[in-house]
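Coordinate inspection notes
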Amino acid sequence: MRLLQTINSPAELRRLRPEQLTEVADEIRQYILETMSRVGGHTGASLGAVELAVALHYAFDTPHDRVIWDVGHQAYAHKILTGRRDQLPSIKQYGGISGFLKRDESEYDLFGAGHASTSLSAALGMAIARDRKGESHHVCAIIGDASLAGGMAMEAINQAGHLKTRLIVLLNDNEMSIAPAVGALTGYLNRLRGAQGYHRFKDEVGETLLSIPALGEHLHHAAKTVKDALAAAVLPGALVNELGFKYIGYVDGHNPRALVAALREAQKVTDGPVIVHALTTKGKGYSTAEKDYYKWHATGPFDLKTGQAIKSASSAPTYTAVFGQTMCELMAKDEKIVALTAAMPDGTGINMALEKFPERTFDVGIAEQHAVTFCGGMACEGLKPVAAIYSTFLQRGFDQIIHDICLQNLPVTFAMDRGGIAGGDGPTHHGLFDIAYLRPMPNMVLMAPKDEAELRDMLLTAIEHPGPAALRYPRGNGVGVPLDRAPEVLEIGRGEILRDGGDVAIVAYGSMVHPSLKAAERLAAEGIETTVVNARFVKPLDAGLLLALARTRRLILTVEEAYLAGGFGSAVMELLEENGLQDKVRVVRMGIPDTIVTHGDAKLLLAKYGLDTDGIYTRVKESVEVLEERRAKRQKVRI
Ligand SMILES: Cc1ncc(C[n+]2csc(CCOP(=O)(O)OP(=O)(O)O)c2C)c(N)n1
């Protein structure tokens, strides 16, 4: 860290000589590796973008020039160079720096990120604002090849070419999404990448390079002489030429000087957008990660010498694994079931189906909107699609779920992993909105299992339901219940009473059922009897059960791992109001208030919002005390 220790801002980086940049990059890489081996993070993705970050901050006058990162998971070197070097060990932890980009964390994080394919749209907006204000700084979006294929990025490309705004796009092309990148655009980039491609396009190269005003001749010369470094080829074909982009590439994305040269050439393009195509390797510089860059996109802590993961011991399988296995079981029995992921085969467990039933399993890439409507089409023709999409990413498909699925009452199942607090990935990744955004949709059935065995039942229930249905389940391990019986279809809209007694009812949804049961045990030990209900469904609610509780209990506590606004508790209150029972029983809703939940250990965050055994226990006690006080006051008044 000899050089790196002296760099506390990009301005200090820019004081170095160009030939020192490789040394800085090497030191950053080593620092990322050592730190990630201890704390875990997006190791492979960030190792692949070290030189890109160095070159960007060297070639641009950041933050005056605007550099906009896509997703942000690959931006650790950017964080290190922008004053957050010493905070890297705290990344993704409670109170530490974010694993993605946040405007309020640094003036160099010019646009918040976490979800993919946003950088081009944001950068284009900033470029237009610059032009309107008569300013002259550069705006550069950096985006990965898989994110470039996302719908939003494509829409931005379409507009950028049309507007002819001055905008630079740095394409970080490593042939990978988290899994190998998929889709026609990937094939196209692959063709460009190959040496064959270079030769094939050689003639067009000269022609198109020369079409770049002022620097064409210069680049043309460079193309002939520096074939490998700034191998100035020009992207031929419709994507760029027809859409109005200039192209500089491809460039060795691990050669900082070549990158700086390419970016400086791009800065000279004044009559429209330009793409700099950099070729990178995920996990660059750590041979274990380079060999298996799929697995190394993101990691937990690992042994730096062997690359072996340091795992926390838990005997229960993850919800993701149970979902993946159950999908395979059900697909084996029913040929109509088709499975789908949007660029997250491993994260969702769909990788198992991809392997076993490749002809019925689809990875559509980072294209959640398309994924939803694609399922709609298949459902129209009698197939039974299951879209496994994280709760947070399904937000992208909001209108498609309404317009293409629910209004047509099509039988599509949405399996939402990471339903709840996602932990270290933070606000952009918590799955806290899904109840609120899906609940108003006509025809939608919404459910959440109390454990991994019920997840199996709910998956079958959703698939067999002749309309849209969604289930949510949390990140991480199940509760450890037996999984030896075949999945069963549940009665839609029917909850289950797990414990009966007393005049307090705890009605819990999904992941909150087990902590509620434990809280009830503790309360019982202190003489406070409670009823505990596993709600199972938020739409339709078990109206019979809930109305009966409202008539017979003094207090109903609803508990959910989701935003309170529009959530499960709100649904219960609406039901009571619709039935004139709102004054009959006191309702206390437990969930996430109207605030942004930061990143950090999920257990810690759940505790912060009272969504664990302790929190539920305490809230019941407090609520009971309030009731007692009120009762005492009323009695006093009567006396
Ligand atoms: C809308 C959305 N869907 C899915 C993801 C999950 N995700 C995070 S990074 C990533 C892969 C991005 O690939 P690419 O842009 O090529 O960058 P790389 O990781 O290869 O550097 C995916 C799918 C996301 N962040 N946002």
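Here the structure is a predicted model, which means the values were calculated and not measured. (Residues numbered from 1 in each chain as written. Predicted model: local features only at pLDDT ≥ 70, side-chain atom pairs only at ≥ 80, totals over all residues. Heavy atoms only, no water.)

Our next topic: the site of the ligand. Lining the immediate environment of the ligand, one finds 22 residues, of which His 73, Ser 147, Asn 174, Met 176 and Glu 368 sit closest. Here an oxygen atom of the ligand sits 2.6 Å away from a polar atom, N or O, in the side chain of His 73. At a separation of 2.9 Å, an oxygen atom of the ligand approaches a polar backbone atom of Ala 146. With the chains in place, 98% of the 580 Å² that the ligand exposes on its own is no longer accessible. (Near = heavy atom within 4 Å. Polar contact = N/O pair within 3.5 Å; in protein donor to acceptor, adjacent residues only side chain to side chain. Areas by Shrake-Rupley, 256 points an atom, 1.4 Å probe, with all protein chains shown as cover.)

Attention shifts here to the sheet that holds strand E17 (residues 555-563). One open sheet accounts for five strands, arranged E13-E15-E14-E17-E18; its pairing is mixed. The open sheet has two free edges, formed respectively by strand E13 (496-499) and strand E18 (586-592), since each of these has just one partner strand. Each adjacent strand pair in this sheet contributes to an overall mean axis angle of 25 degrees, direction not counted. (Pairing = 2+ DSSP bridges. Helix = DSSP H or I, 4+ residues; strand = E, 2+ residues; numbered from the N terminus. Axes fitted to C-alpha atoms, helices over the stretch in contact; angles between N-to-C directions.)

Before going further, it helps to spend a moment on the state of the cysteines. One pass over the structure, following the stated rule, counts zero disulfides. Looking at Cys 380, it has no disulfide partner, and the nearest cysteine sulfur is the one in Cys 375, 11 Å off. Cys 406 forms no disulfide, and the closest cysteine sulfur to it belongs to Cys 375, at a distance of 13 Å. (Disulfide = S-S within 2.5 Å.)

Its volume calculated, the second largest pocket comes out at about 280 Å³. For the second largest pocket, the lining is made up of 14 residues, of which Pro 427, Thr 428, Phe 433, Ile 596 and Val 597 are closest to its centre. Partitioned by chemical class, the residues of the lining of the second largest pocket number six nonpolar, six polar and two charged. (1 Å grid on protein atoms, 1.4 Å probe; cavity = no way out; pocket = protein on both sides within 12 Å on 5 of 7 lines; lining within 4 Å. Points joined across faces, edges and corners; volume = space filled by probe spheres on them. Nonpolar A, V, L, I, M, F, W, Y, C, P; charged D, E, K, R; others polar.)

Evaluation of the coordinates by the stated rule reveals 36 salt bridges. With its nearest N and O atoms 3.0 Å apart, the salt bridge here joins Glu 454 to Lys 450. Note on Glu 454: relative accessible area 2%, which makes it buried. For Lys 450, a relative accessible area of 16% translates into the label buried. For Glu 496, the salt bridge is made with Arg 536, and the minimal N-O distance between the two is 3.5 Å. Residue Glu 496 is located in strand E13, and its partner Arg 536 is located in the loop between strand E15 (530-534) and strand E16 (537-539); the two are separated by 40 residues in the primary sequence. Residues joined in a network through salt bridges with shared partners are Lys 79, Arg 84, Glu 105 and Asp 109. (Salt bridge = Lys/Arg side-chain N within 4 Å of Asp/Glu carboxyl O. Buried < 20%, exposed > 50% of the residue type's maximum accessible area, 1.4 Å probe, protein only.)

Once that is clear, we can look at the confidence of the model for the protein. With 92% of its residues at a pLDDT of 70 or more, the protein shows a mean pLDDT of 91. Taken element by element, the predicted model of the protein shows its lowest mean pLDDT in strand E4 (residues 230-233) (34) and its highest in strand E10 (residues 413-416) (99). (pLDDT = per-residue confidence, 0-100.)

With that settled, consider the nonpolar core. Membership of the largest hydrophobic core comes to 56 residues, with the highest contact counts inside it found for Leu 13, Val 24, Ile 28, Ile 32, Leu 56, Leu 170 and Val 276. Ile 32 has contacts with Ser 46, Leu 47, Val 50, Tyr 76, Ala 77, Ile 80 and Leu 88, leaving out every residue within four places of it along the chain. Judged by nonpolar contacts, the second largest core, of 53 residues, contains Val 372, Met 441, Leu 546 and Leu 581. (Core = buried A, V, L, I, M, F, W, Y, C linked by side-chain atoms within 4.5 Å. Contact = heavy atoms within 4.5 Å.)

Any pair of aromatic rings gets described here by the distance separating the centres and the angle formed by the planes. Scanning all chains against the criterion turns up ten aromatic pairs. Relative to Phe 302, the ring of Tyr 286 lies with its centre 5.8 Å away and its plane at 40 degrees, an arrangement referred to as tilted. With Tyr 286 in the loop between strand E6 (273-279) and helix H15 (287-291) and Phe 302 in the loop between H15 and helix H16 (319-333), the pair connects residues that are 16 residues apart, well separated along the chain. Its relative accessible area of 3% is what places Phe 302 among the buried residues. Each residue in the set Tyr 286, Trp 296 and Phe 302 is aromatic and connected to the rest through ring pairs, giving one cluster. Its end group placed over the ring of Tyr 617, Arg 522 keeps NZ or CZ at 4.9 Å from the ring centre. (Phe/Tyr/Trp six-rings, centres within 6.5 Å; stacked < 30°, edge-to-face > 60°. Lys NZ or Arg CZ within 6 Å of the ring centre and 35° of its normal.)

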